[in-house]
Structures are given as structure tokens and as C-alpha cells.
Amino acid sequence: MQWYVVAALLTVLTSSQGILTTLSQSNGSYKYDYATVPFLAEVFKLLVSSILLRRECLQSPPPLMTTEWKSVRLYPIPSIIYLIHNNVQFATLTYVDTSTYQIMGNLKIVTTAVLFRLFLRRKLSNLQWMAIFLLAIGTTTSQVKGCGEASCDSLFSSPIPGYMLGVLSACLSALAGIYTEFLLKKNNDTLYWQNVQLYTFGAIFNMARLIMDDFRGGFEEGPWWQRLFNGYNIITWLVVLNLGSTGLLVSWLMKYADNIVKVYSTSMAMLLTMILSIILFSFKPTLQLFLGIIVCIMSLHMYFAPANMLVDLPVPVKTAPEDLVEVSVDRKTDI
């Protein structure tokens, strides 16, 4: 499968994630424990990867699978980084409002590119660097509300710790993605075996979060496994399947493409979500949204288009071959 097909699917699924989550609410609140959704999504990804791995193992030759502990012990690290990142997110939201947090979240586009260059040693051209900065500017522009609104004033009025935590959150998000790409590409193991390891630890850490929530709440609603499916309906299950499928597509892109492709997919998904919100939720489009979409499309073209489509390269002029002149050489021999 071509990477751009997977990237397009990721864009569609990511954009529908927010819409499905909104539709799963009842009177503005969740009737289910939202912390159970990531856990069930990890279990879903683990089951799908296990089934695909088993199918590969029945083929000949069998797939490559590194089972040494020094390799397996690296796979909990992305889950640990994401766990820290989630806690930093909550801490950031105590200092800044939601609009400011969303705008600051676009820093992860730039931090991903920087870590992509530093840790993976992947070189980007000047045009690609310009495209990445344009993408960050475009997504930020689409999220900025009208200057007459109160949220516009709050963008630069948050406490300094809020901005520092926002930068830390962007760095952690980028680091988790870059490390996952390194992990998936460091050897020729089959992707399904690598996914099994990633999602096993992901499920364990998400289950640990549910247990911690039980202790914080004093087990008022009983242990987590008794309320696991409380309040679930068809839309809630679609949220779980969507989140799980998105994770599987991301791991495929990490293995066979790179983090920059994933960044573009998720950024375009955000814009697509805004467009769909206009149709489904009577969201009022703004000039900033249209300008942001135009800038992001320009960025997409600049990053992935061949250089000869962006810059007028001089056409090499072939010089006509000179006429060959026959030269006769008299050779005299001494007798």
C-alpha cells in the first residue's frame, strides 16, 4: 500500500475522531468513563496485531522477530513518554485556557521537525523547512478567533509557567513520535510483532491509570472492570474503533514513511474537522479558517512536490557537436 493512501485514511479517521467524541456526549457530558476508551483502543490494536502476526507466522518463511530482552525493554518507553505528556497537558490547562492551549499545541509541528533532524539524522531541504513553518502558521491562523473576542486577549496574558509547560508538552509529543519511529525502523522485524510489544505495554499503562483513578475516587463506583462498559452505545464503540484504527495507521506510517507525513496528516485532519463542523454543528466559518486552509495547502505542496515544480531550474543547453575535420598526417619512414 502506498504511503499517501494510508496518510489520507489517517486524515479522515483523525478528523472524525473529534466529531464522534462530540456525538458520544449526552447533554454536554459523557455517560461513560472516558479513561476506558484509550484502554479498549489499546486492547483492540493488540488483538488486531496479534491476529495479523499469527497469520504471518503460518507463512513460509516466518517473519523476523527479535525476542531478546535488550530489545523488548525499549518498547515501554513511548508509553512512559505519553504518560508524562498527558500529565503535562493537564498541568498546562491549569494555567492557560483551551484556545491558547490548542494554538500552543501547534509547536509540536516545529519540534517534531527539529527532533527529526537531530535524532534521526534526516536532512530537510530549505524549502521543506519553510513548508513546515508555514504549516505551523497555517494551523495557528485557522485557530485564532476574531480579535473582538475575549479569548484573543487571553492568548498573551497567561502566566509564564503555562507557556513553559506548553513548550514542554510540544517537545514530549514530538519526542514520543520520533522515538517510536526509531524503534520501528531500528531493525527488520515485522511490524506486527513490533506493534504487539508496543500495544502490550500501552494496555498495561492504561490499565494502571484506571487503577489509580479507582484509588483516587476511593472505589465509590466500584473497581474499573465492573464499570468498563457502563454507558457505552454504538457511537462510543465507534470512538474506540476509530482511535484503535488511527493508532494502527500511525504505526504503519512510522515504519514505512516518517513523522513528518504523520504531522501533515493530523494537521490536515484538524482543518477537515473544522470544515465538517460547519456542516454538522453549525460552526460559523471565519476568515482565519479560510486563510489557514490556504496556507496549509501551500505548505503541503511545498514539502512534497518535486523541486522542479517549485523552482524554475535552468534548462541545460546541449551544445551542438562541432564538425569533425579530417586531418591527414603524412608519415615518413626512414630507410
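Conventions we followed
Residues numbered from 1 in each chain as written. Predicted model: local features only at pLDDT ≥ 70, side-chain atom pairs only at ≥ 80, totals over all residues. Heavy atoms only, no water. UniProt positions renumbered as here; feature names shortened; annotations may be inferred. Axes fitted to C-alpha atoms, helices over the stretch in contact; angles between N-to-C directions. Helix = DSSP H or I, 4+ residues; strand = E, 2+ residues; numbered from the N terminus. Parallel < 35°, antiparallel > 145°, perpendicular 65-115°, else oblique. Left-handed = near helix turned anticlockwise from the far one by under 90°. Nonpolar A, V, L, I, M, F, W, Y, C, P; charged D, E, K, R; others polar. Patch = residues over 30% accessible without salt bridge, like charges linked within 9 Å, V, L, I, M, F, W, Y side chains within 5 Å. Areas by Shrake-Rupley, 256 points an atom, 1.4 Å probe, with all protein chains shown as cover. Salt bridge = Lys/Arg side-chain N within 4 Å of Asp/Glu carboxyl O. Phe/Tyr/Trp six-rings, centres within 6.5 Å; stacked < 30°, edge-to-face > 60°. Buried < 20%, exposed > 50% of the residue type's maximum accessible area, 1.4 Å probe, protein only. Core = buried A, V, L, I, M, F, W, Y, C linked by side-chain atoms within 4.5 Å. Contact = heavy atoms within 4.5 Å. Expected span 1.5 Å × (residues − 1). Polar contact = N/O pair within 3.5 Å; in protein donor to acceptor, adjacent residues only side chain to side chain.

As recorded in an unreviewed UniProt entry, the protein goes by CMP-sialic acid transporter 1 and comes from Heracleum sosnowskyi. As its UniProt record puts it under Sequence similarities (unreviewed entry), the protein is described as follows: "Belongs to the nucleotide-sugar transporter family. CMP-Sialate:CMP antiporter (TC 2.A.7.12) subfamily." The record held by UniProt for the protein lists under Subcellular location (unreviewed entry) the comment "Membrane".

Enquirer: When you look at the packing of helix 4 (residues 76-93) against helix 9 (residues 160-185) in this model, what are you seeing that I'm missing?
Expert: In a packed pair of helices, the relevant descriptors are the angle between the two axes and the axis-to-axis distance. Two numbers describe how helix 4 lies on helix 9: the axes approach to 9 Å, and their chain directions differ by 165 degrees. The angle between helix 4 and helix 9 places the two elements in the roughly antiparallel class. The hand of the helix 4/helix 9 crossing is left-handed. Residue composition of the contact of helix 4 with helix 9, by class: 14 nonpolar, nine polar and no charged.

Enquirer: Would you explain a nonpolar patch on the surface in this entry?
Expert: Residues Met 1, Trp 3, Tyr 4, Val 5, Leu 9, Leu 300 and Phe 304 make up a contiguous nonpolar surface patch of roughly 670 Å² in combined accessible area. Only helix 1 (3-23) and helix 13 (287-304) provide two or more residues apiece to the nonpolar patch. The residue Tyr 4 is located in helix 1 in this model.

Enquirer: Explain the packing of aromatic side chains to me, please; I cannot follow it from the model alone.
Expert: To describe a pair of aromatic rings, one takes the distance between the centres and the angle between the planes. Applying the stated criterion across every chain, the model contains 17 aromatic pairs. Measuring from ring centre to ring centre gives 5.4 Å for Tyr 264 and Tyr 303, while their planes differ by 40 degrees; the resulting arrangement is tilted. On the criterion of sequence distance, the pair formed by Tyr 264 in helix 12 (residues 259-280) and Tyr 303 in helix 13 is long-range, its members being 39 residues apart. Each member of the pair, Tyr 264 as well as Tyr 303, is classed as buried. Connected via pairs of aromatic rings, a cluster forms that spans Tyr 30, Tyr 32, Tyr 34, Phe 229, Tyr 232 and Trp 237.

Enquirer: It is not clear to me how the nonpolar core should be interpreted in this structure. Could you clarify?
Expert: For soluble globular proteins, the rule of thumb is that nonpolar side chains tend to be buried together. Grouped together as the largest cluster of nonpolar side chains are 25 residues, with contacts concentrated most on Ile 132, Leu 135, Ile 260, Tyr 264 and Tyr 303. Elements represented by at least two residues in this core include exactly helix 6 (107-118), helix 7 (126-143), helix 9, helix 12 and helix 13. Once residues within four sequence positions are removed from consideration, Tyr 303 is found in contact with Leu 124, Gln 128, Ala 131, Ile 132, Ile 260 and Tyr 264. Within the second largest apolar cluster, 20 residues are counted, among which are Tyr 75, Leu 184, Leu 198 and Tyr 199.

Enquirer: Honestly, helix 12 in this entry has me stumped. Any pointers?
Expert: Two residues of an α-helix separated by three or four positions point the same way, owing to the 3.6 residues in each turn. A rise of 1.5 Å per residue sets the reference length of helix 12, with its 22 residues, at 32 Å; its end C-alpha atoms lie 31 Å apart and thus fit the reference within 8%. Its side-chain oxygen 3.0 Å from the backbone nitrogen of Ile 260, Asp 258 forms the N-cap of helix 12. Once helix 12 ends, the next one or two residues include Ser 282, with phi positive near 55 degrees.

Enquirer: Is there a simple way to think about the pattern of salt bridges in this case?
Expert: Side-chain pairing between opposite charges can occur once the charged atoms of the two side chains come close. One pass over the full model with this rule turns up nine salt bridges. It is possible to trace a salt-bridge network through shared partners that takes in Arg 122, Glu 181, Lys 185 and Asp 258.

Enquirer: Whenever I open this one, the UniProt feature "signal peptide" (unreviewed entry) in the protein confuses me. Can you help?
Expert: Within the UniProt annotation, "signal peptide" (unreviewed entry) is assigned to residues 1-18. In the segment residues 1-18, helix accounts for 89% and strand for 0%; the C-alpha atoms at its two ends are 26 Å apart.

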